[in-house]
Amino acid sequence: MRTRPGILPTSLHAQQNHKTTSSGTMKVEASRVMWGRSMARNLRYTTLISDGDSKTHNELLRVDPYPGTEVVKEECTNHVAERFGSGCRNIVAAESKSSQVTLGGRKVGALTQQKVGLLQAHYKRAVVSKCTSTAELRKKILSTLKHRSSSDDNP
């Protein structure tokens, strides 16, 4: 692998960074530096798109890169949908260990991996849709669940 003098190969550079700090800490530090130098480049970030971790947002609130301007945190819809799917899978796994109710399996109406994937896709579509209120979003999400759980016998 050819490298320029004084520049580490990418894999070695990543290994050195991860020896001293976690990726989450690196993300916080990178955001702090990026937001801190943005004014020198005539640029102002106002919204942070997050993956559910609030460490970066908390650090930006602490640093206050633009006094008088609020830093708004938005959740990435992919991460929101993934957490929904993970939650469904965890419920199925937890219920399969108990003797009360089995949600998974091969029986008709079971909550399979494929059905969790469909629910996750519909959930994401509802979250991404233009809702004017949380009540409207809730209605879309619940209608998806009702639609997916209905059958010819139980419409």
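The numbering scheme is per chain: residues are counted from 1 as the chain's sequence reads. In view of the model being predicted, local features appear only for residues whose pLDDT reaches at least 70, and side-chain atom pairs are presented and counted only at 80 or more, with totals across whole chains, interfaces and linings using the full set of residues. Side-chain calculation: all heavy atoms of the structure are included, whereas hydrogens and water are not.

The name an unreviewed UniProt entry assigns to the protein chain is Mutator-like transposase domain-containing protein, from the organism Plakobranchus ocellatus.

Draft legend 1. Structural view of the overall build of the protein chain. The way it works is that DSSP assigns letters per residue, a run of H or I at least four long becomes a helix, a run of E at least two long becomes a strand, and they are numbered from the N terminus. Secondary structure assignment for the protein chain yields 6 helices and 2 strands. Along its sequence from the N terminus, the protein chain presents helices and strands in the succession α-α-β-α-β-α-α-α. Here's how the labels work: a residue is buried when its accessible area is under 20% of the maximum for its type, exposed when over 50%, partly exposed in between, all with a 1.4 Å probe on protein chains only. The proportion of buried residues among the 155 residues of the protein chain is 21%. Contact definition: two residues touch when any of their heavy atoms are within 4.5 Å. Looking at the protein chain alone, contacts between residues at least 24 apart form 50% of all its contacts between residues at least 6 apart. Accessible surface, the protein chain: about 11,700 Å² in total, of which carbon and sulfur atoms supply 54%. Working definition of accessibility: Shrake-Rupley area with a 1.4 Å probe, residue cover restricted to the visible protein chains.

Draft legend 2. Expanded view of the environment of L119. Mapped onto the elements, L119 comes out in helix α5 (residues 113-128). A C-alpha to C-alpha distance of 7.6 Å links L119 and R148, two positions 29 residues apart in sequence. Discounting residues that sit within four places of it in the chain, L119 has contacts with F84, L111, L145 and R148.

Draft legend 3. Up close: the environment of R89. Looking at the element boundaries, R89 is found in helix α4 (residues 77-97). Judged by relative accessible area, which is 27%, R89 ranks as partly exposed. As a C-alpha pair, R89 and L111 span 22 residues in sequence and 8.8 Å in three-dimensional space. Setting aside chain neighbours within four positions, we find R89 in contact with E82, Q113, V116 and Q120.

Draft legend 4. A look at helix α3 (residues 55-63). Residues of α3 that are buried include every one of T56, H57, E59 and L60, and no others. Taken end-on, α3 shows its buried residues confined to a sector of 160 degrees, consistent with a single buried face. In α3, the exposed positions angled more than 90 degrees off the buried face are occupied by K55 and R62. Positive phi shows up at D64, right after α3, with a value of about 50 degrees. Within this analysis, the arc is defined by the directions that extend from the helix axis to the C-beta atoms.

Draft legend 5. Structural view of the packing of aromatic side chains. Any two rings among Phe, Tyr and Trp, with Trp reduced to its six-membered ring, count as a pair given centres within 6.5 Å; such a pair is stacked if its planes are under 30 degrees apart, edge-to-face if over 60, and tilted if neither. Throughout the structure, instances matching the rule amount to 3 aromatic pairs. Ring geometry for W35 versus Y45: centroids 5.3 Å apart, planes at 40 degrees, classification tilted. Of the two residues, W35 sits in helix α2 (residues 23-37) while Y45 sits in the loop between α2 and β1 (47-50), which places them 10 residues apart along the sequence. Given the relative accessible area of 26%, Y45 is considered partly exposed. Both rings, one in F84 and one in Y123, keep their centres 4.1 Å apart while their planes meet at 5 degrees; by these two values the pair is stacked.

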